[in-house]
Amino acid sequence: MRTPKEASESSRQVNDLFDSLDVETIDTEDFKLFLDHIPIAIVISKTIAGDQRIIFFNKAYESLDQQASGSILGRGWQALDSLQLEEAPHLPFSQALPHGEEFVGTFRRDADQPMLVEAYAGTIENEDGTENYRIVALIDVTEREKAQREAFAQQLRDKDMLLKEVQHRVKNNLQLITALIRLDARSQRRGDQVNLDRLAGRIESLHLLYKNLSADGIGSTLDLGHYLSEIASAAMHTYAVDGIRLDLKVDHAPVSINIAMPAGLLVNELMTNAFKYAFNGASSGTITLECLHEAEDSYRIVVADDGVGLPEGTVWPQAGKLGALILQSLGENAQTDFKVESKPGGGTRVSIALVHRPRPRRVE
């Protein structure tokens with residue numbers, strides 16, 4: 001089986017061969033003997049009575065096309081018309097050849113012996129500029145194409161399986177988003193004011209999640225560090241508080257969508273809380289977001305601020321409330337260690353340690 005590197009080397013050899021040819025060389029028996037030892041199929045024609053007629057083919061061509069090799073001598077290039085240009089199947093070899101300069105094209109023959117070849121051509125002219133000889137090199141890429149086709153088919157099977165996995169996860173995470181919206185709807189019915197910016201932030205988190213999933217095709221993991229940094233930037237854009245800056249420190253942290261979704265929602269809630277309550281009208285302040293990949297399967301997310309801190313006696317998250325629901329979802333998919341540190345005037349720091357071991361993906 002030929003690799004792309006081998007095919008490139010063959011192309012270079014063909015070009016070197018074409019560059020070295022002249023009329024005297026082609027007419028010698030020594031040169032024809034030399035061509036018989038080249039592992040690339042070579043066919044040569046000569047202008048006779050105004051028409052190109054095939055005068056030579058080497059042993060590699062005999063091996064390539066055992067059915068036709070014995071009958072092509074003395075014939076024109078129509079003798080190879082069982083080869084059809086892959087990108088234009090209506091165009092046989094003899095019609096494509098005059099238009100080819102060096103690389104003529106890739107040709108397919110669908111017969112008893114299916115074949116795929118790359119064709120290269122060069123000409124040697126008479127002193128008056130008319131064509132004398134035409135030399136064609138045919139490189140068999142049938143096995144290489146077969147291997148690529150099989151690899152592509154396997155990729156499609158893998159993509160199909162991953163798509164089904166993502167569809168299942170989308171359904172689960174949309175249910176989580178729906179639950180969050182319903183919580184806000186209940187608050188509104190009780191007379192509480194619904195924070196539409198907060199709700200929009202949750203939806204934006206979902207949008208960013210699936211944008212990251214599709215960045216390199218549907219994959220089994222995404223970069224949590226990049227994803228959380230986008231959520232933080234979106235929150236900054238939404239609230240745009242003068243004097244409040246964002247301090248980001250994120251590592252490349254590949255995790256599954258089941259981890260990324262609740263983690264993103266949690267960071268969105270914490271960022272929103274910080275913007276709304278941490279600085280209490282202060283003219284300046286800093287919100288810090290860290291996503292650290294501390295070990296092979298260990299991650300740490302930190303959202304902190306240098307604001308006023310939580311009111312004394314406040315516990316976050318409160319049981320049955322939004323933050324607790326998100327943490328519960330996160331804990332269902334990873335081993336978590338959640339810690340909140342705060343003191344009046346000393347800011348708030350929320351740290352979530354994750355241990356996540358993705359299950360190996362089964363390839364059928």
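Residues numbered from 1 in each chain as written. Predicted model: local features only at pLDDT ≥ 70, side-chain atom pairs only at ≥ 80, totals over all residues. Heavy atoms only, no water.

Participant: Hey, could you go over empty space enclosed by the protein for me, with residue numbers and the actual values?
Facilitator: In this approach the atoms are scanned with a rolling probe the size of a water molecule, which exposes any empty space left behind. Per the counting criterion, the structure on display carries one cavity of 30 Å³ or more. By volume, the largest cavity is sized at about 40 Å³. If you go around the largest cavity, the residues you meet are Tyr 61, Leu 64, Asp 65, Ala 79, Leu 80, Ser 82, Leu 83, Met 115 and Leu 138. By residue class, the composition of the lining of the largest cavity is seven nonpolar, one polar and one charged. (1 Å grid on protein atoms, 1.4 Å probe; cavity = no way out; pocket = protein on both sides within 12 Å on 5 of 7 lines; lining within 4 Å. Points joined across faces, edges and corners; volume = space filled by probe spheres on them. Nonpolar A, V, L, I, M, F, W, Y, C, P; charged D, E, K, R; others polar.)

Participant: Summarise the sheet that holds strand S4 (residues 102-109); cite the residues concerned and give the values.
Facilitator: The six strands are arranged S2-S1-S6-S5-S4-S3 in an open sheet whose pairing can be described as antiparallel. In this open sheet, the two strands that pair with only one neighbour each are strand S2 (51-57) and strand S3 (84-85). The pairing of S3 with S4 spans two bridges and is antiparallel. Bridge pairing links Gln 84 to Arg 108 in S4. Lying over the sheet, helix H3 (residues 29-36) contacts strand S1 (41-48) and S2, oriented at roughly 70 degrees with respect to S2. (Pairing = 2+ DSSP bridges. Helix = DSSP H or I, 4+ residues; strand = E, 2+ residues; numbered from the N terminus. Contact = heavy atoms within 4.5 Å. Axes fitted to C-alpha atoms, helices over the stretch in contact; angles between N-to-C directions.)

Participant: An account of the environment of Ile 48 is requested, with residue identities and associated values reported.
Facilitator: Take Ile 48: it is sitting in strand S1. Given the relative accessible area of 42%, Ile 48 is considered partly exposed. Considered as a pair, Ile 48 and Asn 132 are 84 residues apart in the sequence and their alpha carbons are 8.5 Å apart. Contact partners of Ile 48, with chain neighbours within four places excluded, come to Arg 53 and Ile 55. (Buried < 20%, exposed > 50% of the residue type's maximum accessible area, 1.4 Å probe, protein only.)

Participant: Give a description of the pattern of salt bridges that names residues and reports values.
Facilitator: Pairing of side chains with opposite charge becomes possible as their charged atoms draw close. Evaluated as defined, the whole model comprises four salt bridges. Put simply, Arg 300 and Glu 294 hold a salt bridge, and the shortest N to O gap is 3.2 Å. Judged by relative accessible area, which is 26%, Arg 300 ranks as partly exposed. Residue Glu 294 is classed as partly exposed on the basis of its relative accessible area, which comes to 45%. (Salt bridge = Lys/Arg side-chain N within 4 Å of Asp/Glu carboxyl O.)

Participant: A description of the nonpolar core should follow, citing residues and the corresponding values.
Facilitator: One finds Leu 224, Tyr 227, Leu 228, Val 267, Met 271, Ile 301 and Leu 354 to be the most contacted residues of the largest nonpolar core, which totals 40 residues. Listed by contribution, the elements that provide at least two residues to this core are helix H7 (196-213), helix H8 (224-239), helix H9 (257-278), strand S10 (285-295), strand S11 (298-305), helix H10 (322-331) and strand S13 (348-355). When residues in this core are grouped by element, the largest group, 13 residues, is from H9. Ignoring anything within four residues of it in the chain, the contact list for Ile 301 reads Leu 224, Leu 228, Ala 263, Val 267, Leu 289, Glu 290, Val 350, Ser 351, Ile 352 and Leu 354. In terms of nonpolar packing, the next biggest core, distinct from the first, is built from 26 residues, Ala 41, Phe 57, Ile 72 and Leu 85 among them. (Core = buried A, V, L, I, M, F, W, Y, C linked by side-chain atoms within 4.5 Å.)

Participant: Describe the packing of aromatic side chains, listing the residues and the values that go with them.
Facilitator: By the definition in use, this model includes five aromatic pairs. Ring centres of Trp 77 and Phe 93 lie 6.0 Å apart, and the angle between their planes is 50 degrees; this geometry places the pair in the tilted category. Here Phe 93 lies in helix H5 (residues 93-96) and Trp 77 lies in the loop between helix H4 (59-64) and S3, a separation of 16 residues in the sequence. Considered together, Trp 77 and Phe 93 belong to a single accessibility category, that of buried residues. (Phe/Tyr/Trp six-rings, centres within 6.5 Å; stacked < 30°, edge-to-face > 60°.)

Participant: I'd love a proper account of the sheet that holds strand S8 (residues 244-250), names of residues and values included.
Facilitator: Spatially, S8-S10-S11-S13-S12 is the arrangement adopted by the five strands of the open sheet, whose pairing is mixed. Whereas interior strands pair on both sides, the edge strands pair on one side only; in this sheet they are S8 and strand S12 (335-342). Neighbour to neighbour, the strand axes of the sheet diverge by 10 degrees on average, direction disregarded. Note that S12 and S13 share eight bridges and pair antiparallel. Looking across to S13, one finds that Phe 338 is bridged to Ile 352. Contacts from H8 reach S8, S10 and S11, with the element oriented near 175 degrees to S8.

Participant: Now, about the packing of H8 against H9: what can you tell me, with residues and values included?
Facilitator: The interhelical angle for the contact between H8 and H9, taken along N-to-C directions, is 30 degrees, at an axis separation of 10 Å. Relative to H9, the element H8 lies roughly parallel. Like other packed secondary-structure pairs, H8 and H9 cross with a definite hand, here right-handed. Across the interface between the two elements, Leu 224, Tyr 227, Leu 228, Ile 231, Ala 232, Ala 235, Met 236 and Tyr 239 of H8 pack against Ala 260, Ala 263, Gly 264, Val 267, Asn 268, Met 271, Thr 272, Phe 275 and Lys 276 of H9. Class assignment for the residues of the contact of H8 with H9 results in 13 nonpolar, three polar and one charged. (Parallel < 35°, antiparallel > 145°, perpendicular 65-115°, else oblique. Left-handed = near helix turned anticlockwise from the far one by under 90°.)

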